[in-house]
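# Topology and contacts: notes
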Number of protein chains: 2
Amino acid sequence: MGHSRAEKAKTHKRIVSIASKKFREKGLAGFGIAELMKEAGLTVGGFYKHFDSRDDLVAEAVNSAFGGWQRRTDASKSGGSPVSVARLIDEYLSETHRDNPGSGCAFSALAPEIARSDKRTRSLTSEQVRRDFQLIATLLPARDRRTARSRAILIISALVGALSMARAVSDEALSREILGTVREVLKHSAVSHPEAKA
Amino acid sequence: MGHSRAEKAKTHKRIVSIASKKFREKGLAGFGIAELMKEAGLTVGGFYKHFDSRDDLVAEAVNSAFGGWQRRTDASKSGGSPVSVARLIDEYLSETHRDNPGSGCAFSALAPEIARSDKRTRSLTSEQVRRDFQLIATLLPARDRRTARSRAILIISALVGALSMARAVSDEALSREILGTVREVLKHSAVSHPEAKA
DNA sequence: ATTATCTATAGATCTATAGATAATGC
DNA sequence: ATTATCTATAGATCTATAGATAATGC
């Protein structure tokens, strides 16, 4: 009890990190503050010295859950395995991603709940979406930026929808079919390879 | 108090119908049984003579929320305005649909929450997804059924993802851009018009 | 002295059940 | 007699706050 300020900052990050994972796994209403604080090795009373309200935590935790592609691209630049849109598609629509929402895309795990959240959460989400559109558009070959952006928006929409559906159905074969089909169609269609069209 | 069996069946349908709308609007955990029964003009006590548990209601209400395209197509056959995939795309990605989740697609409103629901809800959802894939595949022109099915799966994925994102962002311009872009790309790309490719 | 965290709890939920009441239906 | 619905409530949550405790940091 009674720690330093540096310690508090670390504690804050730990709470956000755990919440960010748990929200994606169990939904924005899937657990209470007591359960969260316990997992962080703390008790419920300390929570409100870190956040004004539960919604405050939601905004911060959801926001921190975004940026996977950005981190993936940065890692690639500093020596990780190289990225291409085809690669990001394969990773996004993998069974690993499907079965591990806690460390995956916040959108496929939470989009409808974010839509019902307060202004701050949705505002932060808007920025992240804009960032992802830009990131994918930059990675796409295209005649012009406008075309690249359109394709990026279609690809991201298809990814989010396909993963959401693959998780919602209980039939494993159907789930795999969704992942596999969208993976292949996106990679081979004229949408991501415009050259093939001309 | 104390009504006929026919009356009870009607009451049951009314509860399911209201719940189906409210789930899509407020999420699967967005309201309690007391609130629901009050909206149906009843009190909380009667609920468990209609459903074994809350999850039972979820399964039934979510299932009844599907089938929009089927009803749309049936209506068209019996004299309504004609359907085509292009038309369904325009309707699905309209601002009207975006702003009225209660009467819209259960998938874009609930997919991640369905993914966390019990077996029965997910099993019923699987069947509905299969039905929708078939329905759209049938409406698509294609060399063979396999190609049509692949395209149907891509289109539906893109629709669900685009609408989910359009609802989640707070920036109206960005939201409209998502709807408009996916609408146009899906309608014009080789994905839905294979002839253009050959 | 300030503050990060703790214990304890108020007040508002929510699901589910028990038992009463007023109809239906044999 | 059966049953569809009602009133009332038990027991388990959950968010947020008050006040105590044990550190930090001037």
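Quick note: structure is the one above.
The structure contained in this document is the topic of the report that follows. (Residues numbered from 1 in each chain as written. Chains lettered and ligands numbered in written order. Predicted model: local features only at pLDDT ≥ 70, side-chain atom pairs only at ≥ 80, totals over all residues. Heavy atoms only, no water.)

Here we take up the relation of the copies chain B and chain A. For the pair chain B and chain A, the relating rotation is 180°, the translation along its axis is 0.0 Å, and the fit reaches an RMSD of 0.0 Å. One copy is carried onto the other by what is essentially a two-fold rotation axis. An overlap of 98% is found between the interface residues of chain B and their copies at the interface of chain A, pointing to a shared contact surface. (Least-squares fit on C-alpha atoms with pLDDT ≥ 70 in both. Contact = heavy atoms within 4.5 Å.)

We now examine the packing of helix H7 (residues 106-115) of chain A against helix H9 (residues 145-168) of chain A. Residue and element names in this part refer to chain A. At a closest axis distance of 9 Å, the pairing of H7 and H9 adopts a crossing angle of 85°. In this view, H7 runs roughly perpendicular relative to H9, as classed from their interaxial angle. Counting all contacts with H7, which are made through Phe107, Ser108 and Ala109, the residues of H9 involved are Val160, Leu163, Ser164 and Arg167. Per-class residue counts for the contact of H7 with H9 are four nonpolar, two polar and one charged. (Axes fitted to C-alpha atoms, helices over the stretch in contact; angles between N-to-C directions. Helix = DSSP H or I, 4+ residues; strand = E, 2+ residues; numbered from the N terminus. Parallel < 35°, antiparallel > 145°, perpendicular 65-115°, else oblique. Nonpolar A, V, L, I, M, F, W, Y, C, P; charged D, E, K, R; others polar.)

Another point: the interface of chain B and chain A. The partner chain A presents 50 residues to the 50 residues of chain B that form the contact. With both chains or domains summed, chain B and chain A bury close to 3900 Å², and 68% of this area falls on carbon and sulfur atoms. Note that Arg116 of chain B and Glu113 of chain A form a salt bridge whose closest N and O atoms lie 3.3 Å from each other. In this structure, the connection of chain B to chain A is made through 17 residue pairs in polar contact (both at pLDDT 80 or more). Where the side of chain B that touches chain A is concerned, the elements lending two or more residues are helix H1 (5-26), helix H7 (106-115), helix H8 (119-139), helix H9 (145-168) and helix H10 (172-188) of chain B. Take the side of chain B that touches chain A: its biggest share by element is 14 residues, from H9 of chain B. Residues belonging to the side of chain B that touches chain A are distributed by class as follows: 25 nonpolar, twelve polar and 13 charged. (Buried area = accessible area lost by both parts, 1.4 Å probe. Salt bridge = Lys/Arg side-chain N within 4 Å of Asp/Glu carboxyl O. Polar contact = N/O pair within 3.5 Å; in protein donor to acceptor, adjacent residues only side chain to side chain.)

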